[in-house]
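As a plain string of letters, each chain reads:
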Amino acid sequence: MTGTIHLSPPDVGPLEESYLIAALRSGWVAPVGPDLDAFEREVAGRVGARGAVAVISGTAALHLALLGLGVGPGDVVLVPTLTFVATANAVRYTGARPIFVDCEPHTGNIDVALVAELLHRLRSRGERVGAVIPVDMFGSCADYTALLPVCAAADAPVLEDAAEALGATHVGRPAGSFGLVGALSFNGNKIMTTSGGGMLVGDDLTLLDRARHLSTQAREPVTHYEHRETGYNYRLSNLLAALGRAQLVRLDAMIDRRRRLRDRYAKLFASAPGVDLIGAEDTGSNCWLTSIRVDRERSGWAAAELAAHLAARDIETRPVWKPMHLQPAYADAESLLTGAAERLFAEGLTLPSGSALNERQVTVVLSAIDEFLAARTGISAE
Ligand SMILES: Cc1ncc(COP(=O)(O)O)c(C=O)c1O
């Protein structure tokens, strides 16, 4: 063994180094500069959006997107219960109230029928819905074909949390382009990284200008320091934008590696009863993380047992997100549930999925899983 095999480590190399060094030598070691402008243009182009604002994290992007939509105290915002906590936290930062919605059992994405039901209920209660935030779970777009008309009919603005989904598509359209505004993350574990970073993308340039203004302490464009409202220090640095530009050049190749790894997992588990890949049918996924769901009744073993087997071999796995309605921090929040997210939390397991995993590491992981399956089911793929 040569160290832990991680879930989704950063995939950086000589190209990133050269872009970073060039940015450093250019003298633009600041939260402004040509790489920042170019990075915004290039990501907007990739997503098919008119504009973009680069910020320090996906969480900051979500926060500013909500402020740009005018969300504030007294509003409610629909959030999938199956997500990373950042989605819900961003709602709380604005003073609005998140209401959690359960997911579809096979994809983990927001359950559109529940969204429709909840929007109807909220309207009859006279509540103002500030936004609906679908999350593109593990790099698979939500069902926008069904969701967008439901939200439009209720006049509910959509903020797409595409933190995990850059490079994914839904019926040929890029992730990040489905809402009035979208939020991306370039955290170290994401499909591409700036070590930490995020971006708002969208067509509404007025909203994006407001977000950009708020991201720089709401400083007025005058030489003395003039501020008419409370802003935030959220702007991404030019150096990190340079790193992002190099990653963007390699994005498709990195997605391709993750997809090929997912295919190998699919093949390995194909003959194991009771095991499904979450979101397996989605050909537009960027395959950010590959997760399985284990139906213990049919498989004869639990996801946690495979996790323990892999942990003993220094291979990292993670459960699927613990749903927000089970989080102590959100114990008082309202939710509309079917039990699907709780089942995914109980039965799901996320496997090493990173594009930086080398062939030796992939072989170690696949052999360890094969060994486990052979012992539990008597079936070996090899
Ligand atoms: C669904 C989702 N939303 C938001 C975020 C927040 O992004 P960041 O970590 O860049 O703040 C993440 C990832 O971390 C995420 O997975």
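Quick note: structure is the one above.
Everything numeric here is computed off the predicted structure, so don't read it as measured data.

(A) Structural context of the site of the ligand. Neighbouring the ligand are 16 residues; Gly 58, Thr 59, Glu 164, Ser 185 and Lys 190 lie closest to it. Here a nitrogen atom of the ligand sits 2.8 Å away from a polar atom, N or O, in the side chain of Asp 161. Contacts to the ligand include Lys 190, whose side-chain N or O atom sits 2.9 Å from an oxygen atom. Relative to its unbound accessible area of 380 Å², the ligand is 93% covered by the protein chains. The set of elements that each furnish at least two residues to the shell around the ligand consists of helix 3 (58-68) and helix 4 (85-93). Looking at the shell around the ligand element by element, the count peaks at 3 residues for helix 3.

(B) Seen up close, the sheet that holds strand 5 (residues 159-161). The 4 strands are arranged 1-9-8-5 in an open sheet whose pairing can be described as mixed. If you trace the sheet from one side to the other, it starts and ends with strand 1 (51-55) and strand 5, each paired once. Neighbouring strand axes in the sheet, compared pairwise and without regard to direction, differ in orientation by 20° on average. Helix-sheet contacts for helix 3 involve strand 1, strand 5, strand 8 (181-185) and strand 9 (198-202), and the interaxial angle to strand 8 is about 165°.

(C) Quick look at helix 10 (residues 303-311). For helix 10, the set of buried residues is Ala 303, Leu 306, Ala 307, His 309 and Leu 310. Projected down its long axis, helix 10 shows its buried positions confined to an angular sector of 160°, all on one face. Opposite its buried face, helix 10 presents the exposed residues Ala 304 and Ala 311, each directed more than 90 degrees away. Taken together, the buried residues of helix 10 touch helix 8 (238-269), strand 11 (290-294), helix 11 (340-347), strand 13 (348-351) and helix 12 (359-377).

Procedures and definitions
Residues numbered from 1 in each chain as written. Predicted model: local features only at pLDDT ≥ 70, side-chain atom pairs only at ≥ 80, totals over all residues. Heavy atoms only, no water. Near = heavy atom within 4 Å. Polar contact = N/O pair within 3.5 Å; in protein donor to acceptor, adjacent residues only side chain to side chain. Areas by Shrake-Rupley, 256 points an atom, 1.4 Å probe, with all protein chains shown as cover. Helix = DSSP H or I, 4+ residues; strand = E, 2+ residues; numbered from the N terminus. Pairing = 2+ DSSP bridges. Axes fitted to C-alpha atoms, helices over the stretch in contact; angles between N-to-C directions. Contact = heavy atoms within 4.5 Å. Buried < 20%, exposed > 50% of the residue type's maximum accessible area, 1.4 Å probe, protein only. Arc of directions from axis to C-beta.

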